[in-house]
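# Commentary on secondary and tertiary structure
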Amino acid sequence: GTRMPFITCWPGKINPGTSKAIVSQMDLAPSLAALTGAKPLPNSFTDAENILSALLGRQDKGREELVIHGMGQNLTLRKGNYKYFVPGSIQRTAMSGNHGTHEKVGPEGALYDLEKDPGEKENIIARHPELAREMAARLEELRAKKN
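What comes next is a walk through the structure. In this text the structure is predicted, and so the values were computed from the model without any measurement.

## Here we look at the nonpolar core
Leu75, Leu77, Tyr84, Val86, Leu111, Ile124, Ile125, Ala132, Met135, Leu139 and Leu142 form the largest nonpolar core, which has eleven residues in total. Of all elements in the fold, only β2 (75-79) and α3 (129-146) reach the threshold of two or more residues within this core. Of all the elements, α3 adds the most residues to this core, at four residues. For Leu139, the contacting residues outside a window of four places in its chain are Val67, Leu75, Thr76, Leu77, Tyr84 and Val86. Judged by nonpolar contacts, the second largest core, of five residues, contains Phe85, Val105, Ala110 and Tyr112.

Right, here's the structure in full:
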């Protein structure tokens, strides 16, 4: 899931505290390899990043961005406080217990400021079209790299 707590504990090595660093479970392998001095095989963990400093609480910064794949054609890019949905993505629009309603994102896409709107209720793409275009271009660049 996204925006899920990630907790690290290592008495005497990690000071208690909170961080807003963006991390992903796929980053654990290269981060733990760096911690132990292991040498990953060439071309392993190609989408992962070493975020050991964030995991150890040494810095409040993890990843710069994160591509999130979801149901069907759902594809989003998280960068800093912003989350961009490509046009046609399926977005959860309301929650009720463990169930939610889903809605297709329109042809312009969708953009949310997760700091101000963690529930992704106010699409701000009309107010920030340049940011949305930049994030869409970055997502396409990342997709092209994978192919």
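Here the narrative resumes.
## Digging into a nonpolar patch on the surface
There is a patch of nonpolar side chains on the surface, built from Trp10, Leu32 and Leu35 and spanning about 260 Å² of accessible area. Within the fold, Leu32 resides in helix α1 (residues 28-36). Taking the relative accessible area as the measure of exposure, Leu32 reaches 44% and is therefore partly exposed.

Calculation criteria
- Position labels on residues start from 1 in each chain and follow its written sequence.
- Whole-chain, interface and lining totals are the exception, using all residues; otherwise, since this is a predicted model, local features are given only for residues with pLDDT of at least 70 and side-chain atom pairs are given and counted only at 80 or more.
- Side-chain numbers here rest on the full set of heavy atoms in the structure, without hydrogens or water.
- Take the buried residues of types Ala, Val, Leu, Ile, Met, Phe, Trp, Tyr and Cys, join any two whose side-chain atoms come within 4.5 Å, and each joined set is a nonpolar core.
- Relative accessibility under 20% of the residue-type maximum defines a buried residue, over 50% an exposed one, and the middle range a partly exposed one, all with a 1.4 Å probe and only protein chains included.
- The helix count covers DSSP runs of H or I at least four residues long, the strand count covers runs of E at least two residues long, and both are numbered beginning at the N terminus.
- A contact between two residues is defined here by any heavy atoms of the two lying within 4.5 Å.
- Here a patch means residues that are over 30% exposed by relative accessible area and free of salt bridges, tied together within 9 Å if like-charged and within 5 Å if nonpolar (Val, Leu, Ile, Met, Phe, Trp, Tyr).
- Reported accessibility uses the Shrake-Rupley method at a 1.4 Å probe radius. Residues are deemed covered only where the shown protein chains occlude them.
- Every case where a carboxyl oxygen of Asp or Glu lies within 4 Å of a side-chain nitrogen of Lys or Arg is listed as a salt bridge.

So yeah, pure geometry; function would need other evidence.
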